[in-house]
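Chain by chain, the residues:
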Amino acid sequence: MGRGRGRAFAAGCAVVALGLAAAGCGSSEHPNEPRPQPPTRVSVTVTPRAITVQPPRIAVGPEPSQQIPQNQHAGQPPVRSKAPLDIVFVTANLTDFDSKLEIRGPKDVHSGVLVANGNGSLLTSLPTGIYRVSAADIPSAKPVRFAVGPYRSSSQNDLLLP
């Protein structure tokens, strides 16, 4: 009687396991969105006479940076999106006046106080468009044009990204 129970139990477990496996498989296609691009870093320098933004345009086409060696032969999928792009503006105020960074365009953004002869950063999301970057309270610093395009590269093939 012990052997009969053991075989019945094993057969029952096999049926349950088969049922769970069939239920858990789901569809054979799993459409995934490309992994989002990490925030783009943009350098802003404020001097008494001008503002410099490097690079002056982002997300306009394929990024010029080289992929890591393991992935150099795997092309990045082109992703066009009207979704806002995450940007980190790293700023250096090389003047003797406290100021604020002003970014005007399809979306207006203002930074906190940029301390005289100091630095700071501003993380924001900007939609595609043309922007004007200026420094408040420093009228002699000539504003500069900054462009955000619709191209987004995916970090799908990049190693060691979170």
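Structure's up top.
All figures in this text were calculated on a predicted structure; none of them were measured in a lab. (Residues numbered from 1 in each chain as written. Predicted model: local features only at pLDDT ≥ 70, side-chain atom pairs only at ≥ 80, totals over all residues. Heavy atoms only, no water.)

Here the focus is the overall build of the protein. Counting its secondary structure elements, the protein contains 1 helix and 11 strands. Relative to its 162 residues, the protein shows a buried fraction of 27%. Counting only contacts in the protein whose residues sit at least 6 apart along the sequence, the fraction spanning at least 24 positions is 67%. Total accessible area on the protein stands at roughly 10,800 Å², and carbon and sulfur atoms take up 58% of it. (Helix = DSSP H or I, 4+ residues; strand = E, 2+ residues; numbered from the N terminus. Buried < 20%, exposed > 50% of the residue type's maximum accessible area, 1.4 Å probe, protein only. Contact = heavy atoms within 4.5 Å. Areas by Shrake-Rupley, 256 points an atom, 1.4 Å probe, with all protein chains shown as cover.)

Before going further, it helps to spend a moment on the environment of Ala147. With respect to the helices, strands and loops of the structure, Ala147 is situated in strand β10 (residues 144–148). Overall, the relative accessible area of 14% leaves Ala147 in the buried class. Placed 19 residues apart in sequence, Ala147 and Thr128 show a C-alpha to C-alpha distance of 7.7 Å. With residues up to four places along the chain from it excluded, the contact list for Ala147 reads Pro56, Arg57, Ile58, Gly129 and Ile130.

Turning to the sheet that holds strand β7 (residues 109–114), a few remarks are in order. As summarised here, the arrangement of the 5 strands in space is β3-β10-β9-β6-β7, forming an open sheet in which the pairing is mixed. Across the chains shown, the open sheet's two edge strands, defined by having one partner strand only, are β3 (57–58) and β7. The pairing of strand β9 (residues 129–135) with β10 spans 5 bridges and is classified as antiparallel. If you follow Arg132 over to β10, its bridge partner there is Arg145. (Pairing = 2+ DSSP bridges.)

For the rest of this paragraph, the subject is the pairing of β9. Of all 7 residues that make up β9, 5 are buried, and the element is covered over most of its length. Two strands pair when backbone bridges link them, and strand β6 (residues 99–104) and β9 are joined in this way by 4 bridges, in the antiparallel orientation. Note that in β9 the partner of Leu101 across the bridge is Ala135.

This next bit is on the packing of aromatic side chains. Under the definition given, this model contains 1 aromatic pair. Taking the centre distance of 5.6 Å and the plane angle of 65° together, the rings of Phe89 and Phe146 count as edge-to-face. Residue Phe89 is found in strand β5 (residues 85–93), and its partner Phe146 is found in strand β10; the two are separated by 57 residues along the sequence. (Phe/Tyr/Trp six-rings, centres within 6.5 Å; stacked < 30°, edge-to-face > 60°.)

Across a sheet, paired strands are connected by hydrogen bonds in the backbone, their directions being either parallel or antiparallel. Pairing is mixed across the open sheet formed by 4 strands, whose spatial order is β2-β1-β5-β8. Bordering the open sheet on either side are β2 (51–54) and β8 (118–126), each of which pairs with just one other strand. For this sheet the average axis-to-axis angle between neighbouring strands, irrespective of direction, equals 20°. (Axes fitted to C-alpha atoms, helices over the stretch in contact; angles between N-to-C directions.)

On to the nonpolar core, then. Core analysis: the biggest nonpolar cluster contains 23 residues, and Val44, Ile87, Phe89, Ile103, Leu126 and Phe146 have the highest contact counts within it. Elements with a minimum of two residues in this core: β1 (40–46), β2, β5, β6, β7, β8, β9 and β10. Setting aside anything within four residues of it in sequence, one finds Ile87 in contact with Thr40, Val42, Ile58, Leu122, Leu123, Thr124, Leu126, Phe146 and Val148. (Core = buried A, V, L, I, M, F, W, Y, C linked by side-chain atoms within 4.5 Å.)

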